[in-house]
Structures are given as structure tokens and as C-alpha cells.
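Summary of structural features
What follows is the residue order along each chain.
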Amino acid sequence: MSKDIYIHGTEPSEQERLAVLNRMTNAAFVAFLQVPAGARVLEVGSGLGLLAVDVADAASGVQVTGVEISAAQIAASPIHPRVTFVQGDAHTLQFPPASFDLVYARYLLEHVRDPQRVLREMHRVVKPGGRVAVCENDVSLIRFDPPCPAFDRAWRVFTEFQSTLGGDGLVGRRLFRLFRDAGFDEVELSVQPEVHWHGSPGYVAWVHNIIGNLESARNGMLAAGVISQSDLNAGVAELERLKTDSTGSAVFVWNRAKATR
Ligand SMILES: C[S@@+](CC[C@H](N)C(=O)[O-])C[C@H]1O[C@@H](n2cnc3c(N)ncnc32)[C@H](O)[C@@H]1O
């Protein structure tokens, strides 16, 4: 069970951050999935369930099951006639082999102890000829301008702290190898870009999302003594200033992989 390694927690501010992130990123991810009409779909690590609902609405007759380890996330998930949420662990999926046409995970593999095992489980439960798709973090790919050195230092601590919990914020760079080792022969990599600048529609929300990542781990990092309150505050303050800086810009890419079984 991975709850204790989940760096973000489920505080209301974190739930709001995740909901805003879903609103920013769901359309691109649903397009990437190319959901076939009538498909039986599994989302592994369904969080607040917002993506599962958008996937269900992507084509007619799509049935989505979301499997999620946290009862709090399931309780917060919406009701939809073609979406079911069940509690379970991605490392030991409770479904028989070849149960789904499409199996996906987003922002999950960085939070699990054994991403290889999770992908093997996703390989097991997808039908022959079905597809598995993921979208994950490599937090080293983040860029802000003007430079934010205090943020950069806090972000490095955040990344190291996540790995001490058992996660891997850099897992996105390993996707090709993880898929191959999980038994997939034909794997296709791609990225989903986040490119924002002062005045563009998603700029403030994106910078705020990165602040929210740090804030979600604030108590844990301070309790572990890995960063001082003043250093953490300095990193956050730089990004708060960047939100209103008329010369500010931000670039990031999500790492994606897709394979057919
Ligand atoms: C960052 S959220 C992403 C949620 C959703 N996939 C999305 O894109 O919005 C990651 C979710 O994975 C869940 N999770 C972490 N470890 C898990 C595991 N071993 N099995 C199932 N879910 C897990 C967490 O509880 C959290 O809700």
C-alpha cells in the first residue's frame, strides 16, 4: 500500500490543486488516449475521478472503472452512469487477465513503490490487441524565466524528499524501459507540453500548481528537517512574484508512453 508514499496528501487545498490541474490537462490527455466507442476502460490511480468521467464522455458507450488506493479520493469522486470507482492497489489489480480494451494511468507511477510491477499488472489486465497508456512526471524538466534560484533549490529538496518516501518524481524518463521490461513490444513515446507566459490563459494557474506541489509537501519536509521554513518560503515567494511579473514564462513537458499488447 502506497498511501504513506503519496507526497501530496488529500487536504482540501491539494484536492483543489488536483482539480485545477485536471481542468488544465484533461483535454490533451483524452485526445492522446483515442478512446474507442464502446470500450471497457481502466484508470489505475483515479484520484478525484475527474479524468475518468472525461474519458467516459469521450466516445459513446464507454465504460470506465477507476481503481484507487485512497478511500478519501473515492469518496470525493463524482457520480457518472458509466463510471465505477473501486478501492484497490495498482500493484495487485483485482481484475482477471484480459479484462479491458484500454488501461491507462496518469500521474501515478511517480507515487508507487514498484512502477515495473504496476505496468506488468496493466499489461496483464488489458486484452490482446488492447492499449496501455501513461502520462508521468520528470520534474527536472521544469523551467521558469526570469530565473528562480530559491525555487530551484526547494524543488530539488522536494524531489529528493519524494524519493526518500519511496516515490520517483523523475519516473517519466524511464517509461520506455519500464514498458519494455513489462512485456510490451511496440512502445511509442511522446510529450504533452506546458508552455505558459504572463498574460496567456493558463500561466497563473500553472505557476500556482507548482507552488501547490511544494505546499502539499511542506509539513512533511519541515518535519523531516530536509529544508528550513525560510528556504521553503523563499522558493514559494519567488514563484508568487513570477505570477505577476510581466516578463515571466514557464515551460514543462509531461512524459507519455503508449503501447499495444
Ligand atoms: C496525482 S493523483 C492522480 C489522479 C488521476 N490519475 C489524475 O490524473 O488526476 C495520484 C493518485 O494515485 C493514487 N495512488 C497512489 N498509489 C496508489 C496505488 N498503489 N494504487 C492505486 N492508487 C494509488 C493516489 O491516492 C492518488 O489519488
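Here the structure is a predicted model, which means the values were calculated and not measured.

Among the 22 residues in the neighbourhood of the ligand, the closest are listed as E43, G45, E68, A90 and R106. Within the contact set of the ligand, an oxygen atom lies 2.6 Å away from a side-chain nitrogen or oxygen of E68. Here the ligand, which alone exposes 600 Å², has 98% of that area covered by the protein.

The final tally for this structure, using the stated rule, is nine salt bridges. A salt bridge links E14 to R17; the shortest N-O distance between them is 2.7 Å. In this pair, E14 and R17 are both assigned in helix α1 (residues 12-33), three residues apart and thus about one turn of the helix distant. Exposure remark for E14: the relative accessible area of 3% places this residue in the buried category.

Contact geometry of helix α7 (residues 203-216) with helix α9 (residues 229-244) gives a least axis separation of 9 Å together with a crossing angle of 170°. For the element pair α7 / α9, the angle class is roughly antiparallel. Residues Y203, V204, V207, H208, I210, I211, L214 and E215 of α7 form the contact with α9, whose participating residues are L232, V236, L239, E240, L242 and K243. Taken together, the residues of the contact of α7 with α9 sort by class into 10 nonpolar, one polar and three charged.

What counts as what
- Residues numbered from 1 in each chain as written.
- Predicted model: local features only at pLDDT ≥ 70, side-chain atom pairs only at ≥ 80, totals over all residues.
- Heavy atoms only, no water.
- Near = heavy atom within 4 Å.
- Polar contact = N/O pair within 3.5 Å; in protein donor to acceptor, adjacent residues only side chain to side chain.
- Areas by Shrake-Rupley, 256 points an atom, 1.4 Å probe, with all protein chains shown as cover.
- Salt bridge = Lys/Arg side-chain N within 4 Å of Asp/Glu carboxyl O.
- Helix = DSSP H or I, 4+ residues; strand = E, 2+ residues; numbered from the N terminus.
- Buried < 20%, exposed > 50% of the residue type's maximum accessible area, 1.4 Å probe, protein only.
- Axes fitted to C-alpha atoms, helices over the stretch in contact; angles between N-to-C directions.
- Parallel < 35°, antiparallel > 145°, perpendicular 65-115°, else oblique.
- Contact = heavy atoms within 4.5 Å.
- Nonpolar A, V, L, I, M, F, W, Y, C, P; charged D, E, K, R; others polar.

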